[in-house]
Amino acid sequence: MTYDQRLQNVSVLGAAGKMGSGILLLTAVEMTDLSLKPENKGKLFILNAVDISQEMLTGLMKYVRAQTLKIAEKKMVWLRNVYADRKDLIENGEIINEYINDVIGIIRPTTNIEAAYHSNLIFEAASENQELKRKLFSQIDENSLYKPWFFTNTSSIPIKVLNNEANLRGRILGFHFYNPPAVQKLVELITITENSCEMIDFAEDFAKSLKKIVVPSNDYAGFIGNGHFMRDALHGISEVGSLMKKFSFVESVYMVNKVTQDFLVRPMGIFQLIDYVGIDVVRFIMNVMNPYYNHEDLHSDLLDKLFEMNVKGGQNADGSQKDGFLKYEKNKPVAIFDPEKNKYFAIAEVTERCDAALGAMPASFAPWKSVNFSKNKDAVLMAYFSELNGMNTLGSNLAKKYNTRSNEIGQQLVSNGVAHNDDDVNKVMLTGFFHAYGPINNFLK
Amino acid sequence: MKKMNKKIYMAAGYNTISMGTGRKEFNPKKERPGLEHYISEAGKGTLAQVGGAQNIDESVIGNFMASRFNKQGHLAGFIPMIDEGLRFKPSIRVEAACASGGMALITGIKSVLAGADAVMALGVEVQNTMKAIYVADVLAGAGWFQKRKDGHAYFFPGQFSDRAGAYFEKYGREKTRKGLSRWYRNSIENARLCPTAQEFHNTTPDPETTCYKMEPNGKSFLDNLNVLDCSKVSDGASAIAILSEEGLAKCGIAKKEAVEVIGFATSERDITKNPTDPTVMETIKDAAHKALTNAGITINDLATIETHDCFTIAGILAVEALGFAKPGEGADFVFEGNTARTGKIPMNTTGGLVGWGHPTGGTGVHQAVTIWEQLTGKTGAAQIEIPAGKPYGMTINMGGDDVSVVAIVYRKN
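Note that the coordinates shown come from a computational prediction; the quantities given were computed from them, not determined experimentally.

**Quick word on the pairing of strand 4 (residues 118-126) of chain B**
Residues and elements named next belong to chain B. A large share of strand 4 lies buried, amounting to 9 of its 9 residues. Burial of strand 4 is two-sided: the residues Ala118, Met120, Leu122, Val124 and Val126 facing one way and the residues Val119, Ala121, Gly123 and Glu125 facing the other way are all buried. Across 9 bridges, the pairing between strand 4 and strand 5 (residues 235-243) is antiparallel. Paired with Leu122 across the two strands is Ala239, which belongs to strand 5.

**A few points about the packing of helix 7 (residues 173-191) of chain B against helix 11 (residues 312-322) of chain B**
Residue and element names in this part refer to chain B. Where helix 7 meets helix 11, the axes come as close as 9 Å, and the angle between the chain directions of the two elements is 105 degrees. Regarding the angle of helix 7 to helix 11, the classification is roughly perpendicular. In this structure, helix 7 uses Gly179, Leu180, Trp183 and Tyr184 to contact helix 11, whose residues at the interface are Thr312, Ile313, Gly315 and Ile316. Per-class residue counts for the contact of helix 7 with helix 11 are 5 nonpolar, 3 polar and no charged.

**Quick word on the domain arrangement of chain B**
All names here are of chain B. Each domain of chain B was delimited in the assignment, giving domain 1 (8-131 + 233-257) and domain 2 (142-232 + 263-412). Relative placement of domain 1 and domain 2: their C-alpha centres are 22 Å apart. Counting residues at the interface gives 44 residues for domain 1, matched by 35 residues for domain 2. Looking at the side of domain 1 that touches domain 2, the elements that each hand over two or more residues are strand 1 (8-15), helix 4 (100-113), strand 4 and strand 5.

**Topic: the pairing of strand 9 (residues 326-329) of chain A**
Residue and element names in this part refer to chain A. By the bridge criterion, 4 bridges tie strand 9 to strand 10 (residues 332-338) in an arrangement that is antiparallel. By the bridge assignment, Leu326 is partnered in strand 10 with Ile336. As consecutive antiparallel partners, strand 9 and strand 10 are separated by 2 residues, and within that stretch Lys330 has a phi angle of approximately 50 degrees, a positive value.

**So, the interface of chain B and chain A**
Of the residues lining the interface, 11 residues belong to chain B; the matching set on chain A comes to 9 residues. Partitioned by chemical class, the residues of the side of chain B that touches chain A number 5 nonpolar, 1 polar and 5 charged.

**Side note on the sheet that holds strand 6 (residues 259-268) of chain B**
Residue and element names in this part refer to chain B. Strand order in the open sheet formed by 9 strands is 3-2-4-5-1-6-9-8-7, with mixed pairing between adjacent strands. The strands lining the two open edges of the sheet, one partner per strand, are strand 3 (91-94) and strand 7 (302-306). Shown here is a sheet whose adjacent strand axes are inclined to one another by a mean of 25 degrees, direction ignored. When strand 1 meets strand 6, the two strands line up antiparallel, connected through 3 bridges. Across the sheet, the residue bridging to Tyr9 is Glu260, located in strand 6. Running over the sheet, helix 10 (residues 282-295) touches strand 6, strand 8 (392-399) and strand 9 (404-412) and is turned about 145 degrees from strand 6.

Reading guide: rules and limits
- Residues numbered from 1 in each chain as written.
- Chains lettered and ligands numbered in written order.
- Predicted model: local features only at pLDDT ≥ 70, side-chain atom pairs only at ≥ 80, totals over all residues.
- Buried ≥ 20, exposed ≤ 12 C-beta atoms within 10 Å, placed from the backbone.
- Helix = DSSP H or I, 4+ residues; strand = E, 2+ residues; numbered from the N terminus.
- Pairing = 2+ DSSP bridges.
- Axes fitted to C-alpha atoms, helices over the stretch in contact; angles between N-to-C directions.
- Parallel < 35°, antiparallel > 145°, perpendicular 65-115°, else oblique.
- Contact = placed C-beta atoms within 7 Å.
- Nonpolar A, V, L, I, M, F, W, Y, C, P; charged D, E, K, R; others polar.
- Domains from an automatic or database assignment.

Pasting the structure below:
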């Protein structure tokens, strides 16, 4: 089966979700572009958008329409050539509308899983629930005549476990997009020994066609991205515990969040990142990963507690941030949740005391945004960390300890065989988490 | 054209900011001033300098495509909005694509020749109502619509990229790209001296090298020009008063505060035909020659020129069409600095279309305002020296791909 044939009938499971909608969009555009090739004229391309919620599927179609418009506007030069033989389409605006119609035209939104029985390729982006995934895979595979390939977006469950449980005989691999899939360049590709070369080649070609950067990860729960993120988050939570000997919970969360965002020049602080991903999701991923790592405890009582109190973070349907560790106004943190008192306290009330306790920022500090896009990023970071290294304040010491831990987590991912090398670990953090520098660095040496 | 039957002057010029990407105030996501704002600001700017609306006999408004950019036709009706004093006075809207502003000037000149004493000519375009990819659709209306289907996604940039490609092939790519890059540098450096220019806030350290190093890429944009070679999408308006001797007196404007129009010409090429030779701007050549002949001077008498550089290549081709360089040598002439503000013939001294901006229907009037400012010493930081023996300036305003051209010659009083 050729690349184009494989993509003639595809299903995305969980298509209306946060990750699924992006995967659906990118796949729909890729399939449409194939369908517009002269040699594919007249061939049917079908993309089933399978989800449990009719309501969300309606929202999905609006999302796809709006995003396809933006995509089309950016490739107008190409589109004019593609539609050159359509005499009725003259202006850019007319061609763009036709392209949107073509993309929408191949998508079949449905709540019936049966639609996937006819697909050659299944993208799975259902919730991170091992049993649910197993059930979906088994049901489709048992009813399908096509021996489909399953590309799962799991960010934590080992692929070989899913392969065995659903009896897929190597027709599954991990194709892990980062959030949001339409924007983030990274795809973690997790293959297992039973995979065919043809399947792996296809996965690489597909990623390339989507202009994604592929980082191969070995099949260990959490892979590279969450392998780092979960441990990094636990370090942050543990630092809060230490700080609480002298400071309140709210103050401690503020300080660790500030150290991770500002002192470490990251795009957001660790607690904002946990909120962004979702406290429930982070907790869930830890629960999936924990049984696979005997020598460490990937678990947090604090996350359990917040989850039980229904403080979950994540995003609203319009993409705005829900409250979690932090409370947000216009997506900016304004308050911090105290689980003991079951309420949020304004950040403004603690900044003075906490900032004084942390001590001054290094004079050469520049925020992530200006550093990350700076032409001489490495030199800027080198100078900054060398200054940080010479300081002895609470803030600088927390930052140094955090960076050292991040470094250690990265190296462990390599030594434990999760990642092939240091570069892959750094690439995941740079492209999937938008860090300005990789965790495996020499900044403090 | 026969000799003019009376003396014609221009004075009381006014330019709004050329708004669009590059200006710090510009935010495409926020609501911005519309057509009414720009017409009003420019009109009031001129009226304030002529002693009020009561001194204006007629008005002309030049605009290209408000019907699509703003879904607004019938622009003559906006003239009395500027000032109640213009109510029930003649007002006319003219259109000649990007030469609409120039055509407003010509219409005003003809009105004065026909008996009016004071005509306000105003040009306006508000284009940032849509993304550039759709702006391209609208501006393509300046070409023959029958050719749109086979044209580039960015239709006009495509036309001038083809002209650049023909020039590359005939005379050499390397030296031409050097000339284009120098033209870009001049545009930016001049715009930085003019607070209303779209590129006034531009801080690129070395615009010439930046432009030169940016290789054109036909896959994403054009085969032979890069984005810096193109004027941007602009919102803006300009206005100026066209006056007889009596008009000057009525408005209380001293002669030295005005420029005299000593020659003008318009010239038209068949829009349904391709240019005879893509490396030659034949209509510009024709109109410029006629205007200079009418004025009784030669290019050697000119102190400065505002020419229609919607693309850097149009600047170079105009240099040749005007006769400053032989065919194929325009790129060298520009590269050597001859058109820079301190060069042999300073061109586009406040940035031109690439640097100051190109609110299409307003551009022709903006050019006249700039020449008026230069010849009367009102250009501020962008003022150039006008040699005593060369008290002349010229504007070249082009509509479409060298289809409609307005050329006007001015003299310092």
